[in-house]
Amino acid sequence: MKNVTLAIDADGIALVTWDMPGRSMNVLDEASIRDYGGAIDEICSNDAIKGVVVTSAKKDFIAGADLAMLGGWSAKVAGLAPVAAAQQIFGWTMSLQTMLRKLETCGKPVASAVPGTALGGGFEVVLATHHRVIAANDKAQLGLPEVKLGLMPGAGGTQRSVRMVGVMTAAPLLMEGKSLAPAEALKMGLVQQVVPAGEIVEAAKTWVKANIAEGERYRAARAAGDKKATASFLPAWDQPKYKLPGGGPQTPTGFPVFMGGGAMIRKNSYGLYEAPKAILSAVYEGVQVPFDAALKIETGYFTKLVLSPQSKNMIRSLFVSKQALEKGAHRPHDVPDMSVKKLGVLGGGGFMGAGIANVAAGAGIEVVVLDQTEEGAAKAKAHAEKEAMGRVAKGRMTETRARELLARITTTADYSKLAGCDLVVEAVFEHPDVKRQVIEAAEQHLPETAVFASNTSTIPISDLAERSKRPERFIGIHFFSPVEKMPLVEIIKGKKTGDAALARALDFVRQMKKTPIVVNDARFFYANRCVLRYIEEAHYMLAEGVKPALIENAARMIGMPVGPLALNDETALDLGVKIAKTTKAALGAAYREHPAEARIEDMVVRLGRLGRKASKGFYEYPERGADGKSNGKKRLWPGLAELFPVAAVQPDVEELKTRYLTVQAVEAVRALADGVVEDVREVDVGAIFGWGFAPWTGGPISYIDTIGPARFLADCDRLAAKFGDRYAAPALLRDIAAKGETFYGRFAGEAEGKAA
Ligand code: NAD
């Protein structure tokens, strides 16, 4: 079976249809590229073909390049010297570029008829046609998202988009990977027509037909030796006197755009990400040379990115591993579908409960919200209503859908209403006695098969399970705040948690469209234990006299989305003090006081600086206006200097950056060594999506493997000697470093084997 077919109609128009057998989506892989190349050869050599329409028989056009193909390329060149490896990748990429260019310049009018989504390489195939007709399909996304995985367009995308609409307009598409709805792409000028879904091929054919004569005239002139001949349907850059919209880098209008572009990359990401820099360079250089040379420039930068460890790490964690976990890599195989139809949320009127209820109702689940009082429970509905109406106002949800969502939420203080729930999640106060009370009350009304889950952040799941009549159906489902935004969910197995409970929790997380990691029961589970290290490191720095602004900026400079002091303000300083107190009680004599602890407690108790919620913490927050929104920016509280006097000599920022990366990564290794997390993919995915650990690294384990376990160990040893045993390397790290192995080398096969 062919991936791409070609049929010629009575007008001499070839209809080229993408329809990869056995797949729900078309992708660019070796076979489909070869088939499309075959169609292009036929189009260019067959005189009976006067014009072309390229379309797809599936609901979407082409989802993008097959990332497995890129992985395969890297594997094939792994043994080669760097230059030879680059030459191979360059050659493979250029062959697709040449194919698309051949179609674009063969002198026959080519239109695309796009029924739905066309992303990445798929959108580049569209851009390499002369006339682009898109279906008015509100699910369709058009764009070049490569940058999000550390890559860039490698089939002419950077050069064609910029030449069509100018650098400024194309920038969000290329540099941020923003995708467009058909109407937006039309407005921008990247596509020419948006028509009802059933009419795309007809509309495309109409355009081709109108240009057949022009094509014939042009081809005849060229055959007769007229080198200056041109056709009106050829791309602007193949027309004489073409000028880049907005001007090139050497023009008064274009120069500031490029200047600003470079500055913007540094401002947004401190230059940590290679892809946006490569894209900007490819555009800067490409627009100054003829189009065919520009494609080679693009291919050069693309090759560099494909071979870079950064893109490999980002693709692995942000795409391959994430998807594998979402598809149930750790779901017990022999348990049938356990999707949740009716959910109970205890403490559902609270901050976390209301978020969980809202997302679940949005996923089509019936939700019973229970709280201490009817009024308390009703807060969940008010929250969901506010959220839904906000989305309606922004045009992101229809009013009907919003009403349906709200109708799925019922609120109560009566436990008997939990009858028939498949799953109950409790998010009541963080106190064992309160938890015990609600577990016992709820279980009286739940069916035997129901699973009980706790959203606790600090209480061991096995301890809570002791309060349950059926500990094998007791589990932790730990959401992060705010529930609507945070993509990760930790599923915590207690000592007695059974397969059915695990399957139920995983199926529920999938319904909620979140990414799960499955962890074993231990203090703070996985993500919080590492993020606490991050915040605590900033407290150490304060105590050492490091300037607060340097503390925050050094963290941003390694790619943390939020500085540790700002993050601490968000999670609340009093919570930190409370956690320190309970940890002290739990550890007894083994507890070691932090040098900043007393002063932070002073901030909370004496000064009422509780963090964001009190509008004062490490930062000062501007007053909120009558609309509830604050205007102006927060700024670091000047009074910090009195509590934490600034040292005369400030440390090198590089040292601070290494400290942040090392202290978080070594804690992640400890979690792996202790068996809290068993799969290196979960260590990486959990870090990026749970607490925003420097996404450019691909996660802590990818970071360690990339710099080399031996070098990481040396960092740990050096920092431990200087700053203390929070940097101490676990035996697992020493062993891997001593044997010259990598973490993925040792663990990945094992993890995937388990999942298979
Ligand atoms: P919250 O105080 O906002 O909400 C708790 C809710 O539980 C309140 O509505 C309260 O009325 C209700 N409640 C208390 N006792 C009850 C009872 N006996 N019966 C029924 N309802 C009762 O607290 P929160 O911040 O939403 O935290 C809830 C849970 O989620 C805690 O276990 C917490 O550790 C965990 N958690 C919180 C966060 C966070 O960032 N806030 C993140 C992850 C997990």
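Along each chain, the written sequence defines residue order, and numbers are assigned to residues from 1. Given that the model is predicted, a residue must reach a pLDDT of at least 70 before its local features are reported, and side-chain atom pairs must reach 80 or more before they are shown or counted; all residues, however, enter totals for whole chains, interfaces and linings. As a rule here, side-chain values cover all heavy atoms of the structure and leave hydrogens and water aside.

**Student:** Quick question: what am I supposed to make of the overall build of the protein chain here?
**Tutor:** Assigned secondary structure in the protein chain consists of 30 helices and 19 strands. Each radius of gyration is computed over the set of C-alpha atoms, and the globule rule expresses the reference value as 2.2 Å times the number of residues to the power 0.38. Expected size for 756 residues packed as a compact globule is a radius of gyration near 27 Å; at 29 Å, the protein chain falls within 12% of this value. Principal-axis analysis of the C-alpha atoms gives the protein chain an extent of 95 × 65 × 60 Å. The buried share of the protein chain, reckoned over its 756 residues, is 54%. Throughout, a contact is declared for two residues whenever any of their heavy atoms are within 4.5 Å. A fraction of 72% describes how many contacts in the protein chain between residues 6 or more apart in sequence connect residues 24 or more apart. Taking the 94 positively charged and 86 negatively charged side chains of the protein chain as two groups, their mean positions are separated by 4 Å. Helical segments are the DSSP runs of H or I of at least four residues, strand segments are the runs of E of at least two, and each set is numbered from the N terminus. Relative accessibility under 20% of the residue-type maximum defines a buried residue, over 50% an exposed one, and the middle range a partly exposed one, all with a 1.4 Å probe and only protein chains included. Only four residue types enter the tally: Lys and Arg on the positive side, Asp and Glu on the negative side; His and the chain ends are excluded. Where a charge lies is defined by one atom per residue type: Lys uses NZ, Arg uses CZ, Asp uses CG and Glu uses CD.

**Student:** Could you clarify how one ought to interpret the nonpolar core in this entry?
**Tutor:** Nonpolar side chains tend to gather and get buried jointly when the protein is soluble and globular. Of all hydrophobic cores here, the largest spans 171 residues; its most connected members are Tyr36, Leu346, Tyr526 and Phe743. The leading source of residues in this core is helix α25 (residues 653–673), at nine residues. Apart from residues no more than four positions distant in its own chain, Phe743 is found in contact with Val669, Leu672, Val680, Ile701, Ile704, Asp705, Leu732, Leu733, Ile736 and Ala748. The set of buried Ala, Val, Leu, Ile, Met, Phe, Trp, Tyr and Cys residues whose side-chain atoms join them within 4.5 Å is what this entry labels a nonpolar core. One finds Leu343, Met352, Leu406 and Ile477 within the second-largest nonpolar core, a separate group that totals 41 residues.

**Student:** Looking at this model, I keep getting lost on the packing of aromatic side chains. Mind explaining?
**Tutor:** The description of an aromatic ring pair uses the distance of the two centres, along with the angle that the planes make with each other. Stacked, tilted and edge-to-face pairs are distinguished by plane angle, under 30 degrees for stacked and over 60 for edge-to-face with tilted covering the rest, among Phe, Tyr and Trp rings (Trp via its six-membered ring) whose centres lie within 6.5 Å. Enumeration over the complete set of coordinates arrives at 13 aromatic pairs. An aromatic cluster is built from Tyr526, Trp691 and Phe693, whose rings are joined through pairwise contacts. Here, a charge over a ring is recorded when the distance from Lys NZ or Arg CZ to the ring centre is within 6 Å and its angle to the ring normal is within 35 degrees. We note Arg659 situated over the ring of Phe723; from NZ or CZ to the ring centre the distance is 3.9 Å.

**Student:** How do you make sense of the pairing of strand β3 (residues 51–56) when you look at a structure like this?
**Tutor:** The side chains of a regular strand alternate, first on one face of the sheet and then on the other. Of all six residues in β3, six are buried, a share of seventy percent or more. Along β3, one buried face is formed by Gly51, Val53 and Thr55 and the opposite face, lined by Val52, Val54 and Ser56, is buried too. When strand β2 (residues 13–18) meets β3, the two strands line up parallel, connected through six bridges. Within β3, the residue paired with Leu15 across the bridge is Val53. A clockwise path from the first strand over the helix to the second, with the strands pointing away from the viewer, defines a right-handed crossover. Between β2 and its parallel partner β3, the chain crosses via helix α1 (residues 30–45), and the hand of that crossover is right-handed. Paired strands are those between which DSSP finds at least two bridges.

**Student:** Which parts of the structure should I look at to understand the packing of α25 against helix α27 (residues 700–707)?
**Tutor:** When two helices pack together, their arrangement is given by the angle between the helix axes and by the axis-to-axis distance. It is the contact of α25 with α27, at a shortest axis distance of 9 Å, that shows an interaxial angle of 110°. Looking at the two axes, α25 sits roughly perpendicular to α27. Contacts from Leu661, Ala665, Ala668, Val669 and Leu672 in α25 reach Pro700, Ile701, Tyr703 and Ile704 in α27. Throughout, the ten residues Ala, Val, Leu, Ile, Met, Phe, Trp, Tyr, Cys and Pro are labelled nonpolar, Asp, Glu, Lys and Arg are labelled charged, and all others, Gly among them, are labelled polar. Looking at the contact of α25 with α27, its residues break down into nine nonpolar, no polar and no charged. Only the stretch in contact is used when a helix axis is fitted, and all axes are lines through C-alpha atoms; the angle between N-to-C directions ranges over 0 to 180 degrees. Working rule for angles: under 35 degrees goes down as roughly parallel, over 145 as roughly antiparallel, 65 to 115 as roughly perpendicular, anything else as oblique.

**Student:** Even after reading the chapter, I still don't get the pattern of salt bridges, so can you show me in this structure?
**Tutor:** For side chains bearing opposite charge, pairing can occur when the charged atoms are close. Any Lys or Arg side-chain nitrogen found within 4 Å of a carboxyl oxygen on Asp or Glu counts as a salt bridge. This structure, assessed with the given rule, holds 45 salt bridges. For Glu216, the salt bridge is made with Lys50, and the minimal N-O distance between the two is 3.5 Å. Taken together, the positions of Glu216 in helix α8 (residues 200–223) and Lys50 in the loop between α1 and β3 put the pair 166 residues apart, joining distant regions of the chain. What makes Lys50 partly exposed here is its relative accessible area of 24%. Note that Glu104 is salt-bridged to Arg160, the shortest N-O span being 2.9 Å. Within this pair, whereas Glu104 is found in helix α3 (residues 82–105), its partner Arg160 is found in helix α5 (residues 157–165), the two being separated by 56 residues in sequence. Of the residues examined, Glu104 reaches a relative accessible area of 1% and is grouped as buried. Owing to a relative accessible area of 0%, Arg160 belongs among the buried residues under this scheme.

**Student:** Where do I start with α3 in this structure?
**Tutor:** One turn of the α-helix equals 3.6 residues, which is why residues spaced by three or four share an orientation. By this rule the span expected of a helix is its residue count minus one, scaled by 1.5 Å. Taking 1.5 Å as the rise per residue, α3 with 24 residues should run 34 Å; its terminal C-alpha atoms sit 34 Å apart, in good agreement. For α3, the full list of buried residues reads Ala85, Ile89, Thr93, Met94, Leu96, Gln97, Met99, Leu100, Arg101, Leu103 and Glu104. Buried residues along α3 sit against α1, α2 (67–77), β4 (110–114), α4 (121–127), α5 and α11 (291–307). With its phi angle positive at about 90°, Gly107 sits one or two positions after the end of α3.

**Student:** Sorry if this is basic, but what is going on with the sheet that holds strand β12 (residues 409–412) here?
**Tutor:** Hydrogen bonds between backbone groups are what pair the strands of a sheet, and the pairing can be parallel or antiparallel. Spatially, the eight strands line up as an open sheet ordered β12-β11-β10-β13-β14-β15-β16-β17, and their pairing is mixed. Here the strands that pair on one side only, and so sit at the sheet edges, are β12 and β17 (515–520). Within the sheet, the average angular offset between the axes of one strand and its neighbour, ignoring direction, is 25°. The pairing of strand β13 (residues 423–426) with strand β14 (residues 451–454) spans four bridges and is classified as parallel. Bridging from a neighbouring strand, Val425 pairs with Ala453 of β14. Sitting on the sheet, helix α18 (residues 499–511) touches β10 (342–346), β13, β14, β15 (474–479), β16 (488–493) and β17, and the angle it makes with β15 is about 25°.

**Student:** I keep staring at unusual backbone geometry and nothing clicks. Help me out?
**Tutor:** For residues besides glycine, phi is generally negative; the peptide bonds are generally trans as well. The linkage connecting Ser481 with the following residue, Pro482, adopts the cis geometry, with an omega of -10°. Phi at Ala572 takes a positive value of approximately 90°, unusual for a residue other than glycine.

**Student:** Explain the sheet that holds strand β8 (residues 179–180) to me, please; I cannot follow it from the model alone.
**Tutor:** If you trace the three strands from one edge of the open sheet to the other, you get β5-β7-β8, paired in mixed fashion. At either margin of the open sheet sits one strand with a lone partner, and together these are β5 (118–119) and β8. Where strand β7 (residues 142–143) lies against β8, two bridges are found, and the strand directions are antiparallel. In the strand pairing of β8, Leu142 is matched with Leu180.

**Student:** Sorry, what's going on with the site of the ligand here?
**Tutor:** Throughout this document, a residue counts as near a molecule or strand when at least one of its heavy atoms sits within 4 Å of that molecule or strand. In the vicinity of the ligand, 21 residues are found, and the nearest of them are Met352, Asp371, Glu430, Lys435 and Ser457. Gln372 places a side-chain nitrogen or oxygen 3.0 Å from an oxygen atom of the ligand. Residues adjacent in sequence count toward polar contacts only when both atoms are side-chain atoms; beyond that, a polar contact is any pair of N or O atoms within 3.5 Å, and within protein one must be able to donate a hydrogen and the other to accept it. One of the side-chain nitrogen or oxygen atoms of Lys435 is found 2.6 Å away from an oxygen atom of the ligand. Among the elements of the structure, α13 (351–362), α16 (432–443) and β15 are those that each provide at least two residues to the shell around the ligand.

**Student:** Would you explain the side chain of His594 in this entry?
**Tutor:** Among the secondary structure elements, His594 is positioned in the loop between α22 (573–587) and α23 (597–605). One polar contact links the side chain of His594 to the main-chain amide nitrogen of Ala596, over a distance of 2.9 Å. Residues contacting His594, with those up to four places away along its chain left out, are Glu536, His539 and Tyr540.

**Student:** Help me understand α16 in this model?
**Tutor:** With 12 residues, α16 extends 16 Å from end C-alpha to end C-alpha; this agrees with the ideal 16 Å at 1.5 Å per step. Residues Lys435, Val438, Ile439, Ala442 and Glu443 constitute the buried set of α16. For α16, the angular spread of buried residues about the axis comes to 120°, placing them on one side. Buried positions along α16 lie against β10, β13, β14, α17 (461–465) and β15. Throughout, the arc means that of the directions going from the helix axis to the C-beta atoms.

**Student:** Is there a simple way to explain the environment of Ala65 in this structure?
**Tutor:** You can see Ala65 is positioned in the loop between β3 and α2. In the structure, Ala65 is positioned 88 residues away from Pro153 in sequence and 9.8 Å away in space, judged by C-alpha atoms. Among residues more than four places away in sequence, those in contact with Ala65 are Leu28 and Gly121.

**Student:** Just to check I follow, could you spell out the packing of α22 against α23 for this structure?
**Tutor:** α23 packs onto α22 with a crossing angle of 130° between their chain directions and a minimal axis gap of 9 Å. In terms of axis orientation, α22 runs oblique to α23. Remark: the crossing between α22 and α23 carries left-handed chirality. From α22, Leu573, Asp574, Val577, Ala580, Lys581 and Lys584 reach across to α23, where they touch Glu597, Ile600, Glu601, Met603 and Val604. Looking at side-chain class alone, the contact of α22 with α23 contains six nonpolar, no polar and five charged residues. Crossings are classed by handedness, with left-handed meaning an anticlockwise turn of the near helix from the far one by less than a right angle and right-handed meaning a clockwise turn.

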